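Structure at a glance
What follows is each chain in one-letter form.
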Amino acid sequence: MCSSDLVVTAVLQSGSVVNLMVLAFVGSGVLNLRNALAVILGSNIGTTLDSWVVALLGFRFNIEMVAYPLIGISGILMTLSEKGSSRYLWCRFSFGLGALFVGLDLIKGGFAGMVREMDFTAYAGYPLIFFLLLGFIVTSLIQSSYAMVAIVLGALHAGAITILPATAIILGSEAGTTIKLLVAAADGLPAKRRVAYANFLYNVVVVILVFLATRPLNSLIADRLGLTNPLVALVFFQSLINVAGALLFLPFLNTGAAYLERKFPDAFTTARYIGSVPPGAGDIAMEVFEKETRRFMALTLRFMQSCFGAAPESPHRTEDSDFSLRPVHAQ
């Protein structure tokens, strides 16, 4: 599951989009909680693949020579293709990729001008926690860790910041992307809140653990691995923490899913039986549907009885023995 989601996130160029899709799939019952958690782990790794493309290609040659022809050709072919066809989708992807490189070129030029006009040495003495919070706040506002990585790479390439505060900003951006999912699931089903809370908890735990070892990790990357190019070192740092985090949490998916189900229990009116029937079950599905219908009718009658004082108020009683539809006798 993780490997396929890694590729999907790399193609979509947005971990937030993948996570919102997961939220919708979990809410509709297409994905169970354990698989949804695995998808989130894979999407976090997938976001780093685009960072590698930017670090290895985006700063090595004149992007405009490739980006503008790519936008023009793909845009023309997109208008001549049937909407929704395979060629149309590939052209749309190429158009977006070209626009991405144009935006990166603007970031490069903007930071180069800022370095000439501003003195960034005053920020060198700030503690790493400042840059961590900066990455968290900015990413929470723009809701794109990929855009944040591109901005930091541009600043690093222009010499506005050094590698150590850059890694702290990237760490903060890892947690900042979780805010959108928390907001989207705030008033949703318990299943959606489980996924959003798991995404937030996972990223926060990884950020705290890695932040405590930021300096040793940077020394390891520069001295032991010999990655002296700051752009490559930064992207390697981002990939390392996401891969290590996924490997660390992958064995605990079942335990984490059980904890989240206890923390966010389903409402008592949630369907109990019909969700366990596979598609195409035939007569069995009809029997289960009838049983589910009887359950909801019994719950409705019990609620009405409790409202009029005809029965004790016990909204959480949903045993099979209560499914017999007895008439309501006047008291």
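None of these values were measured; they are calculated from a predicted model. (Residues numbered from 1 in each chain as written. Predicted model: local features only at pLDDT ≥ 70, side-chain atom pairs only at ≥ 80, totals over all residues. Heavy atoms only, no water.)

Some thoughts on a nonpolar patch on the surface
Taken together, the side chains of Tyr123, Tyr126, Ile129, Phe130, Leu133, Leu134, Ile137, Leu141 and Ile142 present a nonpolar region at the surface, about 820 Å² in accessible area. Here Tyr126 lies in the loop between helix H5 (86–117) and helix H6 (128–142). (Patch = residues over 30% accessible without salt bridge, like charges linked within 9 Å, V, L, I, M, F, W, Y side chains within 5 Å. Areas by Shrake-Rupley, 256 points an atom, 1.4 Å probe, with all protein chains shown as cover. Salt bridge = Lys/Arg side-chain N within 4 Å of Asp/Glu carboxyl O. Helix = DSSP H or I, 4+ residues; strand = E, 2+ residues; numbered from the N terminus.)

So, the side chain of Thr167
Within the secondary structure, Thr167 is located in helix H8 (residues 163–176). Given the relative accessible area of 0%, Thr167 is considered buried. In contact with Thr167, other than residues within four places in its own chain, are Thr214, Asn218, Leu234 and Phe237. (Buried < 20%, exposed > 50% of the residue type's maximum accessible area, 1.4 Å probe, protein only. Contact = heavy atoms within 4.5 Å.)

Quick look at the environment of Ile71
Assignment of secondary structure puts Ile71 in helix H4 (residues 64–80). Residues Ile71 and Phe95 lie 24 residues apart in sequence; the distance between their C-alpha atoms is 4.8 Å. Ile71 has contacts with Phe95, Gly98, Ala99 and Val102, leaving out every residue within four places of it along the chain.

With respect to the packing of aromatic side chains
Going through the model one piece at a time under the given rule, you end up with 5 aromatic pairs. Here Phe130 and Phe131 contribute two aromatic rings whose centre-to-centre distance is 5.3 Å and whose plane-to-plane angle is 80°, an arrangement assigned as edge-to-face. Given the relative accessible area of 32%, Phe130 is considered partly exposed. Using a relative accessible area of 6% as the deciding quantity, one classes Phe131 as buried. Ring geometry for Tyr197 versus Phe264: centroids 5.6 Å apart, planes at 65°, classification edge-to-face. (Phe/Tyr/Trp six-rings, centres within 6.5 Å; stacked < 30°, edge-to-face > 60°.)

Here we look at the nonpolar core
Of all hydrophobic cores here, the largest spans 36 residues; its most connected members are Val22, Val26, Leu37, Leu171, Val195, Val210 and Phe237. Looking at this core, the elements that each hand over two or more residues are helix H2 (15–28), helix H3 (33–58), H8, helix H10 (190–212), helix H11 (214–224), helix H12 (230–249) and helix H13 (253–263). If we ignore the near neighbours within four places in the chain, the residues touching Phe237 are Thr167, Leu171, Val210, Leu217 and Ile221. Among the nonpolar cores identified, the runner-up in size contains 28 residues, and Val54, Phe101, Phe131 and Met148 belong to it. (Core = buried A, V, L, I, M, F, W, Y, C linked by side-chain atoms within 4.5 Å.)

Comments concerning the packing of H8 against H10
At a minimum axis distance of 8 Å, the contact between H8 and H10 shows a crossing angle of 165°. With respect to H10, the axis of H8 lies roughly antiparallel. The hand of the H8/H10 crossing is left-handed. On the side of H8, the interface is formed by Leu171, Glu174 and Ala175, while H10 contributes Asn203, Val207, Val210 and Phe211. (Axes fitted to C-alpha atoms, helices over the stretch in contact; angles between N-to-C directions. Parallel < 35°, antiparallel > 145°, perpendicular 65-115°, else oblique. Left-handed = near helix turned anticlockwise from the far one by under 90°.)

Some details on H8
For H8, built from 14 residues, the straight-helix expectation of 20 Å at 1.5 Å per residue is met to within 8% by its first-to-last C-alpha distance of 20 Å. With 13 of 14 residues buried, H8 lies mostly within the body of the structure. (Expected span 1.5 Å × (residues − 1).)

Some points on helix H7 (residues 145–158)
With 14 residues, H7 extends 20 Å from end C-alpha to end C-alpha; this agrees with the ideal 20 Å at 1.5 Å per step. Across the 14 residues that make up H7, a large majority, 10, are buried. Restricting attention to buried positions, one finds in H7 the residues Ser145, Tyr146, Met148, Val149, Ala150, Val152, Leu153, Gly154, Ala155 and Leu156. Just downstream of H7 lies Gly159, where phi reads positive at about 85°.

A word on the packing of H6 against H8
Between H6 and H8, the shortest axis-to-axis distance is 7 Å and the interhelical angle comes to 40°. Taken together, the axes of H6 and H8 lie oblique to each other. Considering how the two elements wind past one another, H6 and H8 form a crossing that is right-handed. Residue-level inspection shows Leu128, Phe131, Leu132, Leu134, Gly135, Phe136, Thr139 and Ser140 of H6 in contact with H8, the latter providing Leu164, Pro165, Ala168, Ile169, Leu171, Gly172, Ser173, Ala175 and Gly176. Of the residues in the contact of H6 with H8, the class split is 11 nonpolar, 6 polar and no charged. (Nonpolar A, V, L, I, M, F, W, Y, C, P; charged D, E, K, R; others polar.)

Here we look at the side chain of Ser173
Residue position: Ser173 is located in helix H8. With a relative accessible area of 0%, Ser173 lands in the buried category. Polar side-chain contacts of Ser173 include one of 2.6 Å to the backbone oxygen of Ile170. For Ser173, the residues in contact, after removing those within four places along its chain, are Gly135, Phe136, Thr139, Ser145 and Met148. (Polar contact = N/O pair within 3.5 Å; in protein donor to acceptor, adjacent residues only side chain to side chain.)

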